[in-house]
Amino acid sequence: MRIAMIGSGYVGLVSGACFSDFGHEVACIDKDEAKVAALKRGELPIYEPGLEGLVAENVRQKRLSFGTDLRSAVRQADAVFIAVGTPTRRGDGEADLSYVYQAAREIAEELSGFTVVVTKSTVPVGTGDEVERIIRAARPDARVAVVSNPEFLREGAAIDDFKRPDRIVVGTDDPEAIAVMRELYRPLSLNQPPLLVMGRRTAELTKYAANAFLATKITFINEIADLCEKVGADVQDVARGMGLDNRIGSKFLHAGPGFGGSCFPKDTLALCKTARQHDAPIRIVETVVSVNEERKRAMAGKVATACGGSVRGKRVALLGLTFKPNTDDMRDAPSIPLIAELQAGGALVRAFDPQGMDSARQILTGIDYADDPYACAVGADALVIVTEWDMFRALDLNRIRDAMAAPVVVDLRNVYRPAEMRHRGFVYLSVGQFDGGIAPVPRDPVRASDARPRPNSSVTARGPEKALVPQP
Ligand code: NAD
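Residues numbered from 1 in each chain as written. Predicted model: local features only at pLDDT ≥ 70, side-chain atom pairs only at ≥ 80, totals over all residues. Heavy atoms only, no water.

(A) Structural detail: unusual backbone geometry. Its identity is not glycine, yet Lys-62 carries a phi of approximately 60 degrees, on the positive side. Mapping Lys-62 onto the fold places it in the loop between helix H3 (51-60) and strand E3 (64-67). Positioned with a positive phi, Phe-252 is a non-glycine residue whose angle comes to about 60 degrees. If you trace the backbone, Phe-252 turns up in the loop between helix H10 (235-243) and helix H11 (264-277). Note on Phe-252: relative accessible area 26%, which makes it partly exposed. (Helix = DSSP H or I, 4+ residues; strand = E, 2+ residues; numbered from the N terminus. Buried < 20%, exposed > 50% of the residue type's maximum accessible area, 1.4 Å probe, protein only.)

Spelled out as structure tokens, the structure:
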């Protein structure tokens, strides 16, 4: 089948490359000329594991091409996918649908023969109706079906997610369109993922409900983590104890600095807006949004605690900037408010990220970048693990400790074990682990807290640890 993919970002490029790998002929269109020029030179504008090889191979097989002009691509297509961005609209939290509607107008001009126009972008309920209205108003003669086919891939594992999805959601009641959609996804039938056909509005809402639920799960475990810190429990064990229950499942139960990224923040906001507009507020998601916002800012407080109450004048080294590992995507990353708060508190920030520093340079100011984690740690008063890239999981901790001005680690992803870190001479603060706090568990929280050592001085920090375990 012939596909025109309008928008060649994270979703459009991955979807286009995967569809072409299935054997379809795909033209990926983007209005960003620099992006298309790079793609034509064989350079990927984004980092996504495995994508470079997949794109190169399908370009070589002449099944995948790139361009800025959608005209001929749309004219020849059996299916035109809209995979443009739907960011938060400035000021009101609603999804900005201007890119989707603009694409619909451009597509309408070029339709010829029966064409399925598929919205892959995440769009609020009713957007498909408006896309159809735009197209029919411009081209009353066109034979067209407008379908919702939300995408569930995750950056960092996008190819595998696209090729081995848990399910495919198709929102339409048009039999001809259903046949086209089945044919497009037929190569997946070996893995037998369910292809769920439902109403268009239902499909649109399914995507938001799924993302809001996952964001809620993360926020739930984050609040349990806060309680763990207060009562002397370990959130890692709580999460495991919960997650092994099949009714709950272990995914998205990792406590951390709050969710970020290109989807959850904007999609939870947009869902809340839609719900309010229809007088059916989803209060649980509204709470998730506000708890998560507060949490992202509160992480700087954790760093300040580890530094003895203030970061003023402290050199803080950040490992990881992207919102999660295996992507270069900085959109709404928790590192952004963390850095803003640290800088506002008077800290000097240096950072290292394996893939995110180019994007970070465009949005963050006043920070130093290091070439690797060890260079990042040199002279630091605190080191903060912000994103759990694999390369941060097995650091040479002795080298890190010896490079730092004070051996203080704030691990916002619980990558390391509190006991081990202490034995290595670190003041170590993690998330949801009292044991990972800087003081021993008090018997009487009130009196014991009075007697707690201040963690900021490296003498205090190293002193008792050294006494416990000799430095290697
Ligand atoms: P993106 O910003 O990476 O890519 C969007 C692309 O569309 C840009 O390159 C932009 O130049 C292009 N574009 C905009 N208007 C255009 C037009 N009229 N013609 C041609 N190109 C146009 O965004 P993304 O991360 O790929 O997300 C796209 C959609 O998919 C969003 O609605 C998002 O919510 C949804 N989604 C994203 C993910 C993800 O992990 N990124 C996962 C599932 C769903």
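(B) Spatial organisation of the packing of aromatic side chains. Taken as a whole, this structure holds nine aromatic pairs when the rule is applied. Ring geometry for Phe-19 versus Phe-162: centroids 5.1 Å apart, planes at 85 degrees, classification edge-to-face. Of this pair, Phe-19 sits in helix H1 (residues 10-21) while Phe-162 sits in helix H7 (residues 158-163), placing them 143 residues apart in sequence. Across the pair, exposure class does not vary: Phe-19 and Phe-162 are buried alike. Connected via pairs of aromatic rings, a cluster forms that spans Phe-19, Phe-22, Phe-81, Phe-162 and Tyr-185. Directly above the aromatic system of Tyr-369 lies the positively charged group of Arg-361, at a separation of 4.5 Å from the ring centroid. (Phe/Tyr/Trp six-rings, centres within 6.5 Å; stacked < 30°, edge-to-face > 60°. Lys NZ or Arg CZ within 6 Å of the ring centre and 35° of its normal.)

(C) Main features of the pairing of strand E4 (residues 79-82). Residues Ala-79 and Phe-81 line one face of E4 and the alternating positions Val-80 and Ile-82 line the opposite face, and both faces are buried. Pairing geometry for strand E1 (residues 2-6) and E4, over four bridges, is parallel. Looking across to E4, one finds that Ile-6 is bridged to Ile-82. Bridge analysis of E4 against strand E5 (residues 115-119) gives four bridges, and the strand direction is parallel. Looking across to E5, one finds that Ile-82 is bridged to Thr-119. With helix H5 (residues 98-110) bridging E4 and its parallel neighbour E5, the resulting β-α-β unit is right-handed. (Pairing = 2+ DSSP bridges. Right-handed = clockwise from strand over helix to strand, strands pointing away.)

(D) Summary view of the site of the ligand. Around the ligand, the structure places 25 residues, and the nearest of them are Asp-30, Lys-35, Thr-86, Glu-155 and Lys-266. Here Tyr-10 contributes a backbone N or O atom positioned 3.1 Å from an oxygen atom of the ligand. At 2.7 Å from a nitrogen atom of the ligand is found a side-chain nitrogen or oxygen belonging to Glu-155. Within the complex, 91% of the 840 Å² of free accessible area of the ligand lies under protein. When grouped by side-chain class, the residues that make up the shell around the ligand number eight nonpolar, seven polar and 10 charged. Each of domain 1 (2-198) and domain 2 (234-470) gives at least three residues to the shell around the ligand. (Near = heavy atom within 4 Å. Polar contact = N/O pair within 3.5 Å; in protein donor to acceptor, adjacent residues only side chain to side chain. Areas by Shrake-Rupley, 256 points an atom, 1.4 Å probe, with all protein chains shown as cover. Nonpolar A, V, L, I, M, F, W, Y, C, P; charged D, E, K, R; others polar. Domains from an automatic or database assignment.)

These figures capture arrangement, not role.
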